[in-house]
Amino acid sequence: MARSLSFLHYLPAFRAVARLNSIRGAAEELNLSPSAVSLQIKKLGEATGIELFDKVGRGLVLTQAGADFAEAVALSLGQIETAMRRAGNLDASARPAALSVSLPTALGVAWLSSAVVEFAESRNIPNLTIAEAVTAADVDWDAVDLAIVYDNPPFPGLSWRLLSEVRLRTVCAPILFPRLDLQHRDRKLNGITLLHEDEGEEWAKWAVAARVSLQGSGKVRVSTVAQAIASAVQGRGIALVSDVLTRNYLAEGRLIQPFLTSINAARAYYILCDTDRAEEPLIQNLIERILDYVRPPRS
C-alpha cells in the first residue's frame, strides 16, 4: 500500500497544472522550477499509469482520464480535509477550558501547586484556578473540580482516595541544632520555641513518645502549618510537621530532623471529588499525577 500511494506528494503540482493549464504558472505558484513541476507530473503519470495531459500549443489540458483522476483527487482531498477539521473540533471540545483545584495551603506551597500547574500545562488547559481549603467542609464544591484535604472520612456525596497518611516529626533549621539539649539523659527543650497550629496537644503527645521535657520552652501558635514551616526555616523555633510537607526543605538541607521520634497525626491527606465525576478521564488522570508525586521513587 505504501508503494502504491508514493505519488501523493505529486498531487499539489498536478492540481496546480490542471487548474492553470500551465507548467510555468504552476511553478510560480508553488515556488518551484518549471523542470521540477514537469518532473512531478511525469512521475505521477508513471505511478498511476494514466495519461494525464495533452499538450495544446504552449499549454496543457487534461485528458478525459486526467479529468476523471482530477475529480477523484479533489473529492478525496476534500474528505480528508473535512475529517481533519472535525477531528480538530472534537479535540478542542474534549479539552477542558478550565480546571479548579483546592489545596491545603502548606501542601500547595510545599510542592502540590507546582504539580497541578504542570498537569494543566501538559493538557493545554488555558484557565487554572488553585483555591485554598484545609477540610472537606471548607471546600466550595460549586466551584472546585477536585480537592486535597487534611481531614478524616467519611465524606458524604464525595468520592475519596487516600493521598498520604501523616507522621509528624520535629524539624528545625540547622542553625538551631547546637541549642538543643540532646546529650543528657533528661532531654529538654528549655528555651526553644515550639511552633504549632493547635492548642499544643500534638506537641504534648510527641513529648511523651520522645521522652523529652517541654518545660521552659516557648510556644508560638500560628494559623497554618505553612507559617510554622516558614518560621522553622528561618530559625525561629521547632515545628512538628509531616515529611510530606518538608521533604524538599530536608533534601536541600534547609531543615533537619533533630529527633527520630514521630507520631501519627490526627488526620490524613485525602483526594476528593464529586461522586458523579469520579470516572471522568480528566479527574482520574489528575489523581494519578498527584499520587505519582508521593509514591516512593523506584530503586
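Residues numbered from 1 in each chain as written. Predicted model: local features only at pLDDT ≥ 70, side-chain atom pairs only at ≥ 80, totals over all residues. Heavy atoms only, no water.

**Regarding the sheet that holds strand S3 (residues 98–103)**
Applied cut-off: Two strands pair if DSSP finds at least two bridges between them. What counts as a helix is a DSSP run of H or I of at least four residues, what counts as a strand is a run of E of at least two, and both are numbered from the N terminus. Only the stretch in contact is used when fitting a helix axis, every axis being a line fitted to C-alpha atoms; angles between N-to-C directions are given from 0 to 180 degrees.
With mixed pairing, the five strands of this open sheet are ordered in space as S4-S3-S5-S14-S6. A single partner strand is all that each edge strand has here, and the edge strands are strand S4 (127–132) and strand S6 (158–164). Along the sheet, successive strands turn relative to each other by an average axial angle of 20°, direction set aside. The sheet contact formed by S3 and S4 spans six bridges and is parallel. Paired with Ser102 across the two strands is Ala131, which belongs to S4.

**Structural notes on the pattern of salt bridges**
How we decide: Salt bridges, as used here, are contacts in which a Lys or Arg side-chain nitrogen is within 4 Å of a carboxyl oxygen on Asp or Glu. Per-residue accessibility, obtained with a 1.4 Å probe over protein chains only, is compared with the maximum for each type, and a residue is labelled buried under 20%, exposed over 50%, and partly exposed between these values.
Under the defined criterion, the tally for this structure stands at eight salt bridges. Between Asp243 and Arg169 there is a salt bridge, and its shortest N-O distance comes to 2.9 Å. Of the two residues, Asp243 is situated in helix H8 (residues 243–252) and Arg169 in strand S7 (residues 167–171); the sequence distance between them amounts to 74 residues. Overall, the relative accessible area of 27% leaves Asp243 in the partly exposed class. Residue classification places Arg169 among the partly exposed residues on the basis of a relative accessible area of 21%. The network of salt bridges with shared partners includes Asp145, Arg277 and Glu280.

**So, the packing of helix H2 (residues 23–30) against helix H3 (residues 34–48)**
To characterise two packed helices, one gives the angle between the axes of the helices and the distance between these axes. Note the threshold: Should an angle fall under 35 degrees it is called roughly parallel, over 145 degrees roughly antiparallel, and 65 to 115 degrees roughly perpendicular, with every other angle called oblique. Any two residues having at least one pair of non-hydrogen atoms within 4.5 Å are treated as being in contact. Under the scheme applied, nonpolar residues are Ala, Val, Leu, Ile, Met, Phe, Trp, Tyr, Cys and Pro; charged residues are Asp, Glu, Lys and Arg; polar residues are all the others, including Gly.
With their axes 8 Å apart at the nearest point, H2 and H3 run at an angle of 110° to one another. Here H3 runs roughly perpendicular to H2, going by the angle between their axes. Seen from H2, the contacting residues are Ile23, Arg24, Ala26 and Ala27; seen from H3, they are Pro34, Val37, Ser38 and Ile41. Its residues assigned to classes, the contact of H2 with H3 shows six nonpolar, one polar and one charged.

**Overview of the packing of aromatic side chains**
Two aromatic rings, taken as a pair, are described by how far apart their centres are and by the angle between their planes. Operational definition: Two rings belonging to Phe, Tyr or Trp (six-membered ring only in the last case) form a pair when the distance between their centres is within 6.5 Å. Interplanar angles under 30 degrees mark stacking, angles over 60 mark edge-to-face geometry, and anything in between is tilted.
Here the structure, examined in full by the defined rule, presents seven aromatic pairs. Ring geometry for Phe155 and Trp160: centres 5.4 Å apart, planes at 80°, overall edge-to-face. According to the relative accessible area criterion, Phe155 is buried, its value standing at 3%. In textbook terms, an aromatic cluster arises when at least three aromatic residues are bridged by ring pairs, as seen for Phe14, Phe53 and Phe69.

**Looking at the side chain of His196**
Definition in use: Any N or O atom pair separated by 3.5 Å or less is treated as a polar contact, with the protein-specific requirement of one donor-capable and one acceptor-capable atom, and with residues adjacent in sequence counted only for side-chain atom pairs.
Note on placement: His196 falls in strand S9 (residues 193–196). From its side chain, His196 meets the backbone oxygen of Asp198 in a polar contact 2.7 Å long. Non-local contacts of His196, meaning those with residues more than four positions away in its chain, are made with Trp203, Lys219, Val220, Arg221 and Val222.

**Quick word on helix H7 (residues 225–233)**
Those residues of H7 not exposed but buried are Val225, Ala228, Ile229, Ser231, Ala232 and Val233. In the stretch just after H7, Gly235 is the one whose phi turns positive, near 80°.

**Quick word on the nonpolar core**
Counted only if it meets this: Buried residues of nine kinds, namely Ala, Val, Leu, Ile, Met, Phe, Trp, Tyr and Cys, make up a nonpolar core once their side-chain atoms join them within 4.5 Å.
Within the largest apolar cluster, 60 residues are counted, with the highest numbers of intra-cluster contacts made by Leu107, Leu112, Leu146, Ile148, Leu189 and Trp206. Among the elements that take part in this core, helix H5 (residues 105–122) stands out by supplying nine residues, more than any other. The residues contacting Leu146, other than those within four sequence positions of it, are Ser100, Val101, Ser102, Ile271, Leu272, Ile283, Leu286, Ile287 and Ile290. In this structure, Phe7, Phe14, Ile23 and Val37 belong to the second largest nonpolar core, which totals 20 residues.

**Overview of the packing of H5 against helix H9 (residues 281–294)**
To be explicit about the condition: Crossing handedness is read from the near helix: turned anticlockwise from the far helix by less than a right angle, it gives a left-handed crossing, and turned clockwise, a right-handed one.
Here H5 crosses H9 at 140°, and the two axes come no closer than 10 Å. Relative to H9, the element H5 is oriented oblique. Remark: the crossing between H5 and H9 carries right-handed chirality. Listed contacts from H9 to Trp111, Leu112, Ala115, Glu118, Phe119 and Ser122 of H5 are Leu282, Asn285, Leu286, Arg289, Ile290, Tyr293 and Val294. Among the residues forming the contact of H5 with H9, the class breakdown is nine nonpolar, two polar and two charged.

**A look at the sheet that holds strand S11 (residues 218–221)**
As summarised here, the arrangement of the five strands in space is S11-S9-S12-S7-S13, forming an open sheet in which the pairing is mixed. The sheet is open, and its two borders are formed by S11 and strand S13 (262–264), each paired with just one other strand. Averaged over all adjacent pairs, the angle separating strand axes in this sheet is 30°, with direction ignored. Two elements, S9 and strand S12 (residues 238–242), share two bridges in a ladder whose sense is parallel.

**Details of H5**
Note the cut-off: The angle between axes fitted to the seven-residue stretch ending at a residue and the seven-residue stretch beginning at it gives the bend at that residue.
Bending of H5 peaks at approximately 65° at the position of Trp111. Three or more residues of H5 are buried, namely Ala106, Leu107, Gly108, Ala110, Trp111, Leu112, Ala115, Val116, Phe119 and Ala120. Positioned one or two residues after H5, Asn124 has a phi angle of 55°, which is positive.

None of the figures reported here should be taken as evidence of function without further support.
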